[in-house]
Amino acid sequence: PSRRYILGRFVRRNRGVSALAAAMLLVVMAFAVTMAVQAGRIARQRDVARVEADTAEQVSNFLIDLFQVSDPEFSRGNTVTAMEILDRGAAQIDSALVRQPQVRARLQYSLGVVYQNLGQNDLAEPLLESALSYQRGALGPLSKDAMNTIDALGRLFSDTARFQEAADLHGQALRLRREDLGEDDPKTNLARMHIASALLGLGDLGGAEDMAREAVRRLRDRAGADDPRTCNAQTVLANVLFSQHRHEEAAVLMEELVEVRR
């Protein structure tokens with residue numbers, strides 16, 4: 001008799017034992033699959049954490065080297081300004097980090113934001129755009145790095161009166177954050193606040209008011225009326241109302257803000 005025949009007869013004669021053995025086998029298989037999935041997830045998380053730690057360390061080392069300014073040909077015994085250090089770092093990024101694109105993108109973002117804070121938007125923009133191009137392609141549009149760069153670049157567009165570009169970029173951020181974080185997350189409502197500011201610059205006062213009101217309402221419900229993000233959104237709404245010549249409504253919001261900030 002074949003093995004299949006013998007096994008079939010055994011099962012028919014020992015139905016209870018066979019059913020129990022089959023159930024135990026299924027449990028063992030399910031447990032093994034669960035453990036394999038969890039092990040894979042842990043391994044991916046470990047890899048992400050290792051990459052993030054390596055990136056942070058390399059960024060730190062690059063900045064330390066940048067601020068040492070030990071080359072006498074560079075400093076010549078003179079006081080070195082922050083702008084000179086920034087310019088030196090921006091010039092070194094591409095050549096020093098050819099094989100480390102994630103580190104390069106992180107540094108481009110960091111230096112771009114510093115340039116932006118110093119009012120050097122023409123120097124900040126190419127750094128931020130280069131960082132965002134890499135981050136979207138390699139890390140994904142929902143990555144933390146990409147979203148941070150989108151926020152910075154959108155603010156730069158607003159600062160340089162390119163309000164349509166700012167509205168478009170923050171609109172992308174809003175769609176992505178809705179999908180990833182939900183409607184009520186503070187970061188989603190930060191994007192709404194940025195869109196409201198851009199629409200205000202474009203003269204779309206109705207659209208700006210709708211966006212600002214929704215951001216204020218959701219941030220109040222989620223973070224509270226005294227949260228700094230709620231206060232910032234309320235400031236944007238007050239500015240929109242003021243631009244509509246609704247001065248009494250704007251004044252009420254501003255008086256509330258004064259008390260909260262005190």
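Here's a quick rundown of the structure. (Residues numbered from 1 in each chain as written. Predicted model: local features only at pLDDT ≥ 70, side-chain atom pairs only at ≥ 80, totals over all residues. Heavy atoms only, no water.)

Some remarks on the packing of helix 5 (residues 101–117) against helix 7 (residues 144–159)
Rule in force here: Here the axes come from fitting lines to C-alpha atoms, over the contacting stretch only for helices, and the angles between their N-to-C directions go from 0 to 180 degrees. Helix and strand definitions here come from DSSP, where helices need a minimum of 4 consecutive H or I residues and strands a minimum of 2 consecutive E residues; each element is numbered from the N-terminal end. An angle below 35 degrees is treated as roughly parallel, one above 145 as roughly antiparallel, one from 65 to 115 as roughly perpendicular, and anything else as oblique. Crossing handedness is defined as follows: a turn of the near helix away from the far one that is anticlockwise and smaller than a right angle gives a left-handed crossing, while the clockwise case is right-handed. By definition in these notes, contact holds between two residues if any of their heavy atoms fall within 4.5 Å. Amino acid classes used here: Ala, Val, Leu, Ile, Met, Phe, Trp, Tyr, Cys and Pro are nonpolar; Asp, Glu, Lys and Arg are charged; the rest, including Gly, are polar.
Running from N to C, helix 5 and helix 7 point in directions that differ by 25°, and their axes come no closer than 11 Å. As judged from the angle between their axes, helix 5 and helix 7 are roughly parallel. Crossing geometry of helix 5 relative to helix 7 is assigned as left-handed. The residues of helix 7 that touch helix 5, namely those facing Arg106, Tyr109, Val113 and Gln116, are Asp145, Asn148, Thr149, Ala152, Arg155, Leu156 and Asp159. Class assignment for the residues of the contact of helix 5 with helix 7 results in four nonpolar, three polar and four charged.

A short note on helix 9 (residues 186–202)
Keep this limit in mind: Given a helix with a known number of residues, its expected span is that number minus one, times 1.5 Å. Buried, partly exposed and exposed residues are distinguished by accessible area as a fraction of the type maximum, computed with a 1.4 Å probe on protein chains only: under 20%, between the cut-offs, and over 50%, respectively. N or O atoms closer than or at 3.5 Å make up a polar contact, with two conditions inside protein: a donor-capable atom paired with an acceptor-capable one, and, for residues adjacent in sequence, both atoms drawn from side chains.
Relative to the 24 Å expected for 17 residues at 1.5 Å per residue, helix 9 spans 24 Å between its end C-alpha atoms, a close match to the ideal helical length. Where helix 9 is concerned, the buried positions are Pro186, Thr188, Asn189, Ala191, Arg192, Met193, His194, Ile195, Ala196, Ala198 and Leu199. Here the buried face of helix 9 lies against helix 7, helix 8 (163–181), helix 10 (205–222) and helix 11 (228–243). For helix 9, the side-chain oxygen to backbone nitrogen distance between the N-cap and lysine 187 is 2.9 Å, and the N-cap itself is aspartate 185. After helix 9 finishes, the residue glycine 203 shows a positive phi value of roughly 85°.

Focus: unusual backbone geometry
Note: most peptide bonds trans; most residues except glycine with negative phi. With a phi angle near 60°, alanine 161 is a residue other than glycine that sits in the positive phi range. Relative to the elements of secondary structure, alanine 161 occurs in the loop between helix 7 and helix 8. The backbone of histidine 245 sits at a positive phi, close to 65°, despite the residue not being glycine. Within the secondary structure, histidine 245 sits in the loop between helix 11 and helix 12 (247–261).

Looking at the environment of glutamate 165
Position of glutamate 165 relative to the elements: it lies in helix 8. For the pair formed by glutamate 165 and alanine 198, sequence separation is 33 residues and the distance between their alpha carbons is 8.7 Å. Polar contacts involving the side chain of glutamate 165 include one to the side chain of arginine 162, which spans 3.0 Å.

Remarks on a nonpolar patch on the surface
Definition in use: Patch definition: residues above 30% relative accessible area lacking any salt bridge, with like charges linked at up to 9 Å and the nonpolar side chains Val, Leu, Ile, Met, Phe, Trp and Tyr linked at up to 5 Å. Reported accessibility uses the Shrake-Rupley method at a 1.4 Å probe radius. Residues are deemed covered only where the shown protein chains occlude them. Each salt bridge in this description consists of a side-chain nitrogen of Lys or Arg and a carboxyl oxygen of Asp or Glu lying within 4 Å of one another.
On the surface, a cluster of nonpolar side chains totalling about 270 Å² of accessible area is made up of Leu7, Phe10 and Val11. Tracing the sequence through the fold places phenylalanine 10 in helix 1 (residues 3–13). Using a relative accessible area of 44% as the deciding quantity, one classes phenylalanine 10 as partly exposed.

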